[in-house]
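Understanding the architecture of this molecule
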Amino acid sequence: MTPSAGVPAKQSVYSAKDWAGDVEPPGIFPYRRGIYSGMYTDRLWTMRQYAGFGTAEETNHRFRALLAAGQTGLSTAFDLPTQMGYDSDHPMAAGEVGRVGVAIDTVDDLADLFQAIPLDQVSTSMTINATASMLLAMYIVVAEEQGVSRTSLRGTIQNDILKEYVARGTYIFPPEPSLRLIVDIFRFVASEGLKVNPISISGYHMREAGATAIEEVGFTLANACEYVKRAIDAGLAIDQFAPKLSFFFASHNDLFEEAAKFRAARRLWATVARDRFGASDAACRLRFHTQTGGVTLQAHQPLNNVVRVTVQALAAVMGGTQSLHTNGYDEALSLPSEGAATLALRTQQVLAYESGVTEPVDPLAGSYYVESLTDQIEREALSLIKTIDGLGGAASAIERGYFQDAIGKSAYLAQQAFEKGHTSVIGVNRFVDSASTPPSHTAFPAFEALAGRQRERLAKTRASRDTEAVRNALDGIRVAAQTEGVLMEPIVSAVRARASIGEMSDVLRGVWGVFRPSF
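The following refers to the structure shown. (Residues numbered from 1 in each chain as written. Predicted model: local features only at pLDDT ≥ 70, side-chain atom pairs only at ≥ 80, totals over all residues. Heavy atoms only, no water.)

1. Re the overall build of the protein chain
What counts, and what does not: Only DSSP runs of H or I with at least four residues qualify as helices, and only runs of E with at least two residues qualify as strands; both kinds are numbered from the N terminus onward. The globule rule used for comparison is 2.2 Å times the number of residues to the exponent 0.38, while the radius of gyration itself is calculated over C-alpha atoms. Note on definitions: a residue-residue contact is assigned when non-hydrogen atoms from the two residues lie within 4.5 Å. Only the protein chains shown count as cover for residues, and all accessible areas are computed by the Shrake-Rupley method using a 1.4 Å probe. By the counting scheme adopted, Arg and Lys are positive, Glu and Asp are negative, and His together with the chain ends is not counted. Just so you know, the charge point we use is NZ for Lys, CZ for Arg, CG for Asp and CD for Glu.
Tallying secondary structure elements over the protein chain gives 19 helices and nine strands in all. In terms of overall dimensions, the protein chain is globule-like: its C-alpha atoms have a radius of gyration of 23 Å, near the 24 Å expected for 519 residues. Taking the principal axes of its C-alpha atoms as reference, the protein chain extends roughly 65 × 55 × 55 Å. Pairs at least 24 apart in sequence give 78% of the contacts found in the protein chain among residues at least 6 apart. Accessible surface computed for the protein chain: about 20500 Å², of which carbon and sulfur atoms make up 54%. In the protein chain, 48 side chains carry a positive charge and 57 a negative one; their mean positions are 2 Å apart.

2. A closer look at helix α19 (residues 501-512)
Within an α-helix, residues lying three or four positions from one another point in the same direction, as the helix has 3.6 residues per turn. Note the cut-off: One less than the number of residues in a helix, times 1.5 Å, gives the span that helix is expected to have. Each residue is assigned to one of three classes by its accessible area relative to the maximum for its type, calculated with a 1.4 Å probe on protein chains only: buried under 20%, partly exposed between the two thresholds, exposed over 50%.
Taking 1.5 Å of rise per residue, the twelve residues of α19 would be expected to cover 16 Å, and the 16 Å separating its terminal C-alpha atoms lies within 8% of that figure. Within α19, nine of the twelve residues are buried, which leaves the element mostly enclosed by the surrounding structure. Among all positions of α19, only Ile501, Gly502, Glu503, Met504, Ser505, Val507, Leu508, Arg509 and Trp512 are buried. Summarising the contacts, the buried residues of α19 are in contact with α2 (80-84), α4 (132-146), α6 (175-192), α16 (447-464), α17 (467-483) and α18 (488-496). Where α19 ends, the next residue or the one after it, Gly513, has phi of about 80°, a positive value.

See the structure below:
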């Protein structure tokens with residue numbers, strides 16, 4: 001970091017050159033102390049804010065405000081119909097259009113989402129799973145129509161369907177065809193030379209559902225093993241796709257446990273990727289995004305959430321995250337206000353530019369407590385992975401309900417600890433201020449009017465497109481799904497023809513069916 005004028009530069013305690021002679025410096029396998037030798041002394045983490053609501057135009061306004069405030073990456077939330085493969089005019093979409101994220105029906109919506117945002121100058125993360133292939137295709141087509149080559153695009157699609165079956169629920173198709181589609185995305189990204197990460201293997205949502213820190217690591221890496229195995233079985237070489245695997249973890253309130261968790265996950269994944277799959281060192285790096293804990297936010301005394309988010313962000317930075325989202329303090333009440341989102345971004349900026357935490361590499365290295373906790377988390381997470389191996393791997397364990405049962409038990413024990421007062425939540429079960437109660441109501445957008453405008457946009461696109469071209473493109477997806485052909489190329493063609501997410505999803509539903517959980 002460049003010192004201010006007149007201020008002498010500090011000696012970085014653990015800079016890259018200081019690690020000479022250490023048996024395990026950062027940037028060297030197994031990466032416990034960081035995946036790059038200089039870490040934040042060379043480059044800060046990407047600062048993101050998760051944003052998306054209403055229509056594409058409204059979300060574009062928030063995106064541009066955040067970029068103007070200094071955000072360095074976009075992170076997109078989609079509404080439930082988009083995530084579940086329904087168009088905004090489908091009966092199943094009634095009451096949900098634009099409510100928990102932005103409504104995207106066709107590539108024209110995504111073009112409006114990124115209006116006046118050059119896609120070769122931003123990194124975009126998209127929280128999308130069952131329909132991730134379609135959103136990636138849309139992103140590519142929007143870039144083409146902006147005059148940006150697909151190889152210039154940077155970002156991540158979540159695309160982690162296994163954790164959807166466990167904890168989040170926005171799945172469409174059964175596991176086997178879903179995994180086939182994910183592997184095809186791996187192939188497409190590698191063959192096209194895209195800089196986009198084709199998956200973000202997510203522990204975050206399992207942690208939000210009640211998993212412990214150890215379960216978050218073990219279950220996430222078990223899922224990663226399943227994806228890698230499926231890709232190798234499909235003929236992909238490990239080093240062809242593994243360097244682009246990314247991960248997504250939560251950061252909760254226990255500062256040292258969270259920092260140790262990230263260090264343990266890095267070392268454990270490096271060891272598993274090399275010993276189990278023969279990955280090169282570069283393919284063993286666990287690159288991860290962190291989001292502060294949504295379930296830790298409280299509606300009572302909501303300004304306390306500013307402190308919680310700061311502690312959680314600090315843990316992520318001291319643990320070596322590559323990307324960070326900080327929650328708005330008012331998210332327990334509603335979608336984050338623009339002011340709360342800006343303050344959350346400023347929290348990251350204060351850590352980055354004022355706190356000094358970026359000057360040492362792995363500042364907790366050598367602490368007996370942190371190192372022993374790192375070892376414990378790694379050891380117990382590996383035990384979980386071995387248990388899952390014994391059940392036939394992650395997909396089989398999910399079908400048996402193993403993940404779900406374990407998370408349910410952990411959530412129950414955590415709730416008991418809270419109700420008995422063993423776990424303190426300031427403002428809720430300790431230091432309660434009766435004068436500080438949550439608002440009786442929160443202002444929301446006029447969702448019905450918003451949904452009406454979105455349906456009108458969709459009708460306009462359908463009226464102006466080439467109907468025969470859409471029909472032919474959808475037939476291409478159908479044939480590929482039926483014949484085990486490649487999937488991404490026909491999906492890109494359908495998107496370019498202005499096929500909608502609902503139409504493409506319906507084609508795949510017709511071939512693959514839908515998933516009905518039996519556990």
